[in-house]
Amino acid sequence: MRINPCGIVSMIKKGTLLLVCLLIYSATQAQDNLWASKILGYSSEYRPGPYGKEFRAIQILGRPNKLPDIGKSPCAWSPALANSVNEEWIKVGFDKTIPLRQVAIAENFNAGAIVRVYAYNDNGDETLLIENSITPTKEIGKMTYIFPADSTIRANAIKVVLQPSRVIGYNQIDAIGISSSTAPIKAEILVSKEAPKDLQKENLGKTVNSKGQEVAPVISPDGRMLFFTRSKFPGNMGSPNRQDVWVSSLDNGNNWTEAVNMRAPINNEGDNAITGISPDGKTVYLINVYNKDGSMSNGLSKSVRTREGWSFPSECRIKNHYNDHDKNFTEFAISSKGKVLILSVQRRDTEGNKDLYVSFLQPDDVWSEPKHMGTVINTPDYEGSPFIASDDKTLYFTSAGFSGYGNGDIFVSRRLDDTWTNWSVPENLGPNINTPQWDGYFNIPASAD
């Protein structure tokens, strides 16, 4: 039998009665869903290399980074050894104490190794919630729920104990949540409210697309020219497997014309790709450094359009761009004013895979040493293919370290101050743009239409 909460105020006049009923109903429906916010202890953590924070205990904090997708992720906690006969454990804390009606454990990889779960209150009192009641599963990953039978338990900490030998391979836990409600906590993709819901993708047709591979489009500020990189194509300079820059333009009927190879000096026998363009459309930025002998080295170059055509690309010098932990390939994005450079690269202070860094143009025309852009947008997994919108505040990039639809999704984040290291929480551009595959190299004209 359910007691009507309005019964206690039945003599109050109608207008006040309605308000009180609503307030009481809202209070009874309120619930707390909390994700772990601090590490209180752990048995071990997997550390595959000297740099980065892949698989460490801190990866269990916050909302899930992998689920609702499942599988191995460097953004989840993993004990140091696979198939160990010794128990492993991790204890996490939460921002406040709540009535414990639910524990949600995001087992993103090799689920089924949990043998015990404990809860702790403000006094540190320990309560055993389950013991050997979760049977091993053939599922790769899942959200495991525990609903305590004792409704008087209050908790601000949870300890999960694993028996790794129950499941073959490394065990991983993406996140731990608690709730004052029995409504199952869901792992959800954080989709931008501005993500288009009725977007129709249109193939650009045979004038742009070929039997080769077309990637990394760059649209001129006026939206009339489309530069892109083409590979696996016999029309390229040098080997067909090398990359060349091609360009197509809109005709008077708003149709893309037959793409043409930009030829020398933009293209040579090496790998060529445009990574940005100036607001006036007269300067293009290119990956790699063009050496006079025709060879190429890692870095960034720029070419200026003159009456005689495009100039020989000159190096954009970046202070201490490479160190002994940098990978060979760097991705770049240039701000609309040409004063800020975003790089996707792996360095000593990386979170893991390639991260996003920022560099500023100095008075001597040399770019400052790349600075890490922070852990709000960078994860232990891949961050790359950056693009800065014309407002110089909106950043689009690809990440595999946040919950998404595929192997790498396109996200949007907004700059919160002038340091270029303080960003809003990245939001997914949604399933109309992102796919189950790898999606990247987002690009829009200055008009943003």
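Thresholds, definitions, all that
- Residues numbered from 1 in each chain as written.
- Predicted model: local features only at pLDDT ≥ 70, side-chain atom pairs only at ≥ 80, totals over all residues.
- Heavy atoms only, no water.
- Helix = DSSP H or I, 4+ residues; strand = E, 2+ residues; numbered from the N terminus.
- Buried < 20%, exposed > 50% of the residue type's maximum accessible area, 1.4 Å probe, protein only.
- Contact = heavy atoms within 4.5 Å.
- Areas by Shrake-Rupley, 256 points an atom, 1.4 Å probe, with all protein chains shown as cover.
- Lys, Arg positive; Asp, Glu negative; His and termini not counted.
- Charge placed at Lys NZ, Arg CZ, Asp CG, Glu CD.
- Pairing = 2+ DSSP bridges.
- Axes fitted to C-alpha atoms, helices over the stretch in contact; angles between N-to-C directions.
- Salt bridge = Lys/Arg side-chain N within 4 Å of Asp/Glu carboxyl O.
- Phe/Tyr/Trp six-rings, centres within 6.5 Å; stacked < 30°, edge-to-face > 60°.
- Lys NZ or Arg CZ within 6 Å of the ring centre and 35° of its normal.
- Core = buried A, V, L, I, M, F, W, Y, C linked by side-chain atoms within 4.5 Å.
- Patch = residues over 30% accessible without salt bridge, like charges linked within 9 Å, V, L, I, M, F, W, Y side chains within 5 Å.

### Quick look at the overall build of the protein
Helix and strand counts for the protein come out as one helix and 26 strands. Buried residues in the protein amount to 49% of all 449 residues. Summarising the internal contacts of the protein: among those between residues at least 6 apart in sequence, 60% fall at separations of at least 24. Element-wise, carbon and sulfur atoms account for 51% of the exposed surface of the protein, whose accessible area totals about 22400 Å². The averaged location of the 49 negative side-chain charges in the protein is 3 Å from the averaged location of its 47 positive side-chain charges.

### Focus: the sheet that holds strand β1 (residues 33-35)
In spatial order, the strands read β1-β9-β4-β7; together these four strands make up an open sheet with antiparallel pairing. Unpaired on one side and paired on the other, β1 and β7 (142-146) mark the two borders of the sheet. Pairs of neighbouring strands in the sheet enclose a mean axial angle of 20°, with direction left out of account.

### Some remarks on the sheet that holds strand β23 (residues 383-388)
Pairing is antiparallel across the open sheet formed by four strands, whose spatial order is β23-β24-β25-β26. Looking at the sheet topology across the chains shown, the edges are occupied by β23 and β26 (427-428). Note that strand β24 (residues 394-399) and strand β25 (residues 409-414) share six bridges and pair antiparallel. Directly across from Thr394, in β25, lies its bridge partner Arg414.

### Some remarks on the pattern of salt bridges
Side chains carrying opposite charge are able to pair once their charged atoms draw close together. With the rule as written, the count across this model stands at eleven salt bridges. Its salt-bridge partner being Arg47, residue Glu45 comes within 2.6 Å of it at the nearest N-O pair. Its relative accessible area of 12% is what places Glu45 among the buried residues. On the basis of relative accessible area, Arg47 is assigned to the partly exposed category, the value being 48%. One salt bridge connects Glu214 with Arg230, and the closest N-O pair in it is separated by 2.8 Å. With a gap of 16 residues between them, Glu214 in strand β10 (residues 213-219) and Arg230 in strand β11 (residues 225-231) connect regions that are remote in the sequence. With relative accessibility at 4%, the residue Arg230 sits in the buried group.

### Overview of the packing of aromatic side chains
In this description, a pair of aromatic rings is defined by centroid distance and the angle of the planes. By the definition in use, this model includes twelve aromatic pairs. Residues Tyr382 and Trp438 carry aromatic rings whose centres are separated by 6.2 Å and whose planes lie at 55° to one another, so their mutual orientation is tilted. Of this pair, Tyr382 sits in the loop between β22 (371-372) and β23 while Trp438 sits in the segment after β26, and the two are 56 residues apart along the sequence. Given a relative accessible area of 37%, Trp438 falls into the partly exposed group. The structure contains a cluster of three or more aromatic residues connected by ring pairs, namely Tyr46, Phe55 and Tyr170. Stacked on the ring of Phe233, the Lys or Arg Arg230 has its end atom at 4.7 Å from the ring centre. Positioned above the aromatic ring of Trp246 is the side chain of Arg230, whose terminal nitrogen or guanidinium carbon lies 4.4 Å from the ring centre.

### So, the nonpolar core
For soluble globular proteins, nonpolar side chains are generally found buried alongside one another. With 29 residues, the main nonpolar core has Ile158 and Ile176 as its most contacted residues. Of all elements in the fold, only β3 (88-99), β4 (102-107), β5 (114-120), β6 (126-131), β8 (154-162) and β9 (175-179) reach the threshold of two or more residues within this core. Excluding its chain neighbours within four sequence positions, the residues that come into contact with Ile176 are Leu34, Trp35, Ala36, Ile60, Val92, Phe94, Val103, Ala104, Ile105, Ile158 and Val160. Core analysis: the second largest hydrophobic core is formed by 14 residues, Ile342, Leu356, Phe397 and Phe402 among them.

### A look at a nonpolar patch on the surface
A cluster of nonpolar side chains, Leu190, Val376 and Val425, forms an exposed patch at the surface whose accessible area comes to about 220 Å². In this structure, Val425 sits in the loop between β25 and β26. The class for Val425 is exposed, based on a relative accessible area of 54%.

### Structural notes on the pairing of β6
Relative to β6, β5 is paired through five bridges, and the arrangement is antiparallel. Its bridge partner lying in β6, Ala119 is registered against Thr127.

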